[in-house]
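Residue-level structural notes
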Amino acid sequence: MRIAIEGCCHGELDRIYASLKNIQTVENITIDLLLICGDFQSIRNYADLGVLACPEKYRAIGNFYEYYAGAKVAPIPTIFIGGNHEASSYLWELFHGGWVAPNIYFLGHAGVVNFGGLRISGLSGIYKKPDYDSGYYEKQPYNDSDQRSIYHVRKYNVFRLAQIREPLDIMLSHDWPRGIATHGNTRQLLQVKPFLAGEIKTNTLGNYPAEYLLKHLKPAYWFAAHLHVKFAAVYNHDLEEVGQHDLKPKPAGTTPASAPPPALGNPDEINLADDDAEEDDVNAEASAPVAASGDGAPGETSKGAEGTEATELMEIVIDTTGASKTKATLTKFLALDKCLPNRDFLQVLEFPDTEGASMALSYDEEWLAIVRATNDLLSLTKVQAKVPADDEIKTRIDAERAWIKEHVSSRENGLLIPQNFSMTAPAYVAPPPGTRSSRPPSFRPGPAYLSPQMTEFCALIGIPNFINQKGLAPGTVPSISKMKKESAAKAVALEGSTAEETGASRSPKRLKLELPQPKADEVVSAPSVPGEEFPLSEANAEEPAEHNGQDLEGDEQVKQEHLLEQMEEAEDDLGHDGRSSWAPEDEEAHEGGEHDEGNCAAEEDHGDQGHAEGGEVFYEDEAGFTVDTKGDPEAAEEGGEEESENYE
């Protein structure tokens with residue numbers, strides 16, 4: 001069985017599937033499953049674009065709506081998790097997981113499914129301290145503040161995943177577990193992303209809830225994305241053995257909590273605590289040009305890529321023989337780039353076949369029991385309910401496991417995930433070629449929809465459905481005038497609410513970034529901007545910045561962009577200082593040195609959002625969502641032959 005791993009999708013489904021088709025043809029193999037590690041962008045229409053966390057001028061409709069409407073069908077079963085650039089209103093509809101389009105399955109805000117004898121788990125979103133201890137207080141239609149908090153990881157979901165006792169084969173997350181950068185070729189990572197050195201040194205690269213889950217769940221594989229770089233590592237649990245409640249991270253600025261002892265013998269690890277002279281050598285190396293990896297063909301990174309990490313990953317085979325499984329002593333970690341030509345955004349791994357295992361997606365019995373045992377803890381307000389003690393939650397889950405066995409597992413195909421996809425919101429509609437509109441698109445966030453999939457799932461396991469209970473029925477076209485009135489009423493209500501009630505003390509300001517004018521011979525059909533990346537200096541090592549994985553050229557540009565990021569973080573700070581009552585805590589982080597947004601893509605990682613396949617010009621008419629296409633309509637099908645200006 002072969003599984004393809006994709007880094008950040010950024011709405012590039014056509015190019016990803018074209019790359020996989022090319023791999024299958026060239027290598028004469030069959031790929032059975034595709035896993036995507038976030039920033040999927042399941043955008044159905046302009047209303048979904050209205051909740052994408054980036055300014056309007058960087059938003060583009062992409063091509064997912066064609067899969068959603070049935071014009072195209074995913075050629076390979078696809079599972080994905082959410083990142084920090086998502087159609088969050090749609091993903092919220094499917095909180096527990098579900099089909100966003102035929103053959104494309106969202107794993108939920110947290111979830112576990114089975115495929116081909118493998119247990120695949122995932123955690124959507126990225127970590128940010130102010131929202132970690134909160135409930136899901138955001139209300140649709142999302143305002144600007146809600147758009148930038150709804151994708152933040154909540155303690156509730158980390159707590160649920162921490163209850164998993166049976167071995168996991170694969171874990172997906174968008175950002176990295178904290179400390180994992182010291183378990184692979186750190187020197188090569190810093191050659192590609194030299195600005196990460198400060199965060200690695202202070203042990204703030206990655207997020208600590210993911211670090212906790214890595215050490216506690218011990219999955220055989222962990223796949224991630226977010227930093228737009230390929231990086232492989234091996235985490236040895238035997239050398240880092242700790243108990244479930246002994247995972248309190250060391251304070252920032254000390255030796256990384258998860259750094260391997262010298263016995264691991266990693267020849268590529270850099271001792272970031274060395275003197276300044278040695279660090280100067282590292283910086284000198286980092287400034288040297290880095291040769292592109294691979295053979296230049298988009299997606300062909302499963303074979304022939306430079307470096308030994310991929311080879312080592314391919315050579316390690318995990319046990320998938322059911323009852324004989326035990327938790328792994330090694331976790332093989334792999335992060336991948338975003339979908340661009342000559343970048344390492346795809347990796348194909350081979351797993352041993354399990355006799356009698358179904359190649360269809362199925363629910364996981366243990367996870368269904370956990371969902372039943374914790375559904376009453378789901379909070380739709382700012383205040384998150386206190387989680388039960390370990391003994392109590394274990395007793396709950398055992399009782400619910402018995403219920404699942406009797407009412408779900410005992411049925412024929414009872415755990416098989418039904419092919420019950422149905423459209424809820426209207427899909428974007430493409431007009432006849434040659435038609436144009438003088439009006440720019442409107443990215444007004446849409447209302448909530450009640451998903452039949454969530455209704456059916458909750459009925460299956462006997463729990464109340466708390467997701468969009470009063471949402472619109474599928475197929476309902478929202479009234480623009482009614483949406484305007486609701487948005488105005490919500491704005492008035494927010495003005496009279498306290499910060500504790502609304503989750504924000506004020507509307508965050510957005511900084512403007514002036515863009516260079518396009519060259520005379522270039523046709524720019526959708527807004528675009530070079531990606532932003534921000535370095536970390538010694539002076540602000542306690543307050544790490546976010547990064548989106550793009551490459552920077554020139555110290556002056558680095559300094560200017562870093563200053564913009566610091567100003568924006570100050571504007572966005574919501575000031576919440578809640579603490580987890582159960583998960584590991586970083587004392588210094590809660591005193592003001594937390595790693596904001598999981599050290600990842602900047603909230604305005606707009607360069608990735610502005611790609612328009614085939615030179616499409618987007619607009620909205622009175623009847624709904626339409627598009628005018630000109631240029632080469634087959635450009636998106638070529639697997640990314642040319643690189644859009646928007647990505648660099």
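Residues numbered from 1 in each chain as written. Predicted model: local features only at pLDDT ≥ 70, side-chain atom pairs only at ≥ 80, totals over all residues. Heavy atoms only, no water.

Right, let's talk about the overall build of the chain for a bit. Each helix and strand in the chain was counted, giving 19 helices and 15 strands. In the chain, buried positions account for 59% of the 648 residues. Taking as baseline every contact in the chain between residues at least 6 positions apart, the subset at least 24 positions apart corresponds to 82%. (Helix = DSSP H or I, 4+ residues; strand = E, 2+ residues; numbered from the N terminus. Buried < 20%, exposed > 50% of the residue type's maximum accessible area, 1.4 Å probe, protein only. Contact = heavy atoms within 4.5 Å.)

Let us look at the sheet that holds strand S2 (residues 33-36). Overall, mixed pairing links the six strands, which are arranged S4-S5-S3-S2-S1-S12 in an open sheet. Looking at strand neighbours, the two that pair on one side only are strand S4 (98-101) and strand S12 (346-350), the edges of this open sheet. Across the sheet, the mean angle separating the axes of adjacent strands is 25° when strand polarity is ignored. Two strands pair when backbone bridges link them, and strand S1 (residues 2-6) and S12 are joined in this way by five bridges, in the antiparallel orientation. (Pairing = 2+ DSSP bridges. Axes fitted to C-alpha atoms, helices over the stretch in contact; angles between N-to-C directions.)

On to the environment of Trp222, then. Structurally, Trp222 can be placed in strand S9 (residues 221-224). Overall, Trp222 belongs to the buried group, its relative accessible area being 1%. Sequence separation between Trp222 and Ala233 is 11 residues, and the spatial gap between their C-alpha atoms is 9.6 Å. Non-local contacts of Trp222, meaning those with residues more than four positions away in its chain, are made with Met171, Ser173, Pro177, Ala210, Leu213, Leu214, Thr331, Lys332, Phe333 and Leu334. A distance of 2.8 Å separates the side chain of Trp222 from the side chain of Ser173, its partner in a polar contact. (Polar contact = N/O pair within 3.5 Å; in protein donor to acceptor, adjacent residues only side chain to side chain.)

Both trends apply: most residues other than glycine have a negative phi, and most peptide bonds are in trans. Between Gln140 and Pro141 the backbone carries a cis peptide bond, its omega angle lying at 0°. Residue placement: Pro141 occurs in the loop between helix H5 (129-132) and helix H6 (144-147). Its identity is not glycine, yet His10 carries a phi of approximately 50°, on the positive side. Inspection of the secondary structure assignment puts His10 in the loop between S1 and helix H1 (13-27).

For the structure shown, the criterion picks out 22 salt bridges. Linking Lys72 and Asp14 is a salt bridge whose minimum nitrogen-to-oxygen distance equals 2.7 Å. With Lys72 in the loop between helix H3 (64-69) and strand S3 (78-80) and Asp14 in helix H1, the pair connects residues that are 58 residues apart, well separated along the chain. For Lys72, a relative accessible area of 21% gives the class partly exposed. Relative accessible area serves as the criterion here: at 4%, Asp14 is assigned to the buried category. The partner of Lys382 in a salt bridge is Asp131, and the shortest N-O contact between them spans 3.9 Å. Placement of Lys382 in the loop between helix H13 (365-374) and helix H14 (390-409) and of Asp131 in helix H5 is noted, with a sequence separation of 251 residues between them. A single burial state applies to Lys382 and to Asp131, both of which are buried. What you see here is one network of salt bridges that share partners, running through Glu166, Glu365, Arg401 and Lys405. (Salt bridge = Lys/Arg side-chain N within 4 Å of Asp/Glu carboxyl O.)

Applying the stated criterion to the full structure yields 24 aromatic pairs. Arranged with centres 5.8 Å apart and planes meeting at 75°, the rings of Phe40 and Phe64 form a pair that is edge-to-face. Of this pair, Phe40 sits in the loop between S2 and helix H2 (46-49) while Phe64 is found in helix H3, placing the two residues 24 residues apart along the sequence. Phe64 shares its class with Phe40; the two are buried. With 5.1 Å between their ring centres and 50° between their planes, Trp92 and Tyr136 make a pair best called tilted. Here the residue Trp92 occupies a position in helix H4 (residues 88-93), and Tyr136 occupies one in the loop between H5 and H6, the gap between them amounting to 44 residues. Pair check on accessibility: Trp92 and Tyr136 agree, each one buried. (Phe/Tyr/Trp six-rings, centres within 6.5 Å; stacked < 30°, edge-to-face > 60°.)

Let us now look at empty space enclosed by the protein. Following the criterion strictly, the structure yields 10 cavities of 30 Å³ or more and no others. If you add up the space inside the largest cavity, you get close to 130 Å³. Taken together, the residues that form the lining of the largest cavity break down as seven nonpolar, eight polar and one charged. (1 Å grid on protein atoms, 1.4 Å probe; cavity = no way out; pocket = protein on both sides within 12 Å on 5 of 7 lines; lining within 4 Å. Points joined across faces, edges and corners; volume = space filled by probe spheres on them. Nonpolar A, V, L, I, M, F, W, Y, C, P; charged D, E, K, R; others polar.)

The predicted model of the chain has a mean per-residue pLDDT of 73, with 60% of residues at 70 or higher. For the stretch residues 498-516, pLDDT sits under 50, and the model shows 37 contacts to residues farther than four places along the chain or on other chains. Across residues 518-648 the pLDDT falls below 50, and counting only partners more than four positions away or on other chains, this stretch makes 373 contacts in the model. (pLDDT = per-residue confidence, 0-100.)

With 15 residues, H1 extends 21 Å from end C-alpha to end C-alpha; this agrees with the ideal 21 Å at 1.5 Å per step. Listed in full, the buried residues belonging to H1 are Leu13, Asp14, Arg15, Ile16, Tyr17, Ala18, Ser19, Leu20 and Ile23. Each element contacted by the buried residues of H1 is listed here: S1, S2, H3, S3, strand S5 (104-106) and S12. Residue Asn28 follows H1 closely and has a positive phi angle near 55°. (Expected span 1.5 Å × (residues − 1).)

Pairing is mixed across the open sheet formed by seven strands, whose spatial order is S10-S11-S9-S8-S7-S6-S13. Every interior strand has two partners, whereas the edge strands, strand S10 (231-236) and strand S13 (362-363), have only one. Across the face of the sheet, helix H7 (residues 155-162) comes into contact with strand S6 (110-115), strand S7 (118-123) and strand S8 (170-173) while running at roughly 160° to S7. Running at roughly 160° to S9, helix H10 (residues 208-217) makes contact with S7, S8, S9, S10 and strand S11 (330-335) of the sheet.

Contact geometry of H7 with H13 gives a least axis separation of 10 Å together with a crossing angle of 135°. On the basis of the axis angle, H7 is oblique to H13. In the packing of H7 onto H13, the handedness of the crossing is right-handed. Only Trp367, Ile370, Val371 and Thr374 of H13 make contact with H7, whose side of the interface consists of Tyr156, Phe159, Arg160 and Leu161. In terms of residue class, the contact of H7 with H13 is made up of six nonpolar, one polar and one charged. (Parallel < 35°, antiparallel > 145°, perpendicular 65-115°, else oblique. Left-handed = near helix turned anticlockwise from the far one by under 90°.)

Glancing now at the pairing of S6. A large share of S6 lies buried, amounting to six of its six residues. For S6 and S7, the ladder comprises six bridges, and the chain directions are antiparallel. Bridge assignment links Ala110 to a residue of S7, and that residue is Leu123. Where S6 hands over to S7, the hairpin turn is made up of two residues, of which Gly116 adopts a positive phi near 60°. Bridge analysis of S6 against S13 gives two bridges, and the strand direction is antiparallel. Looking at S13, one finds that Val113 is bridged to Tyr363.

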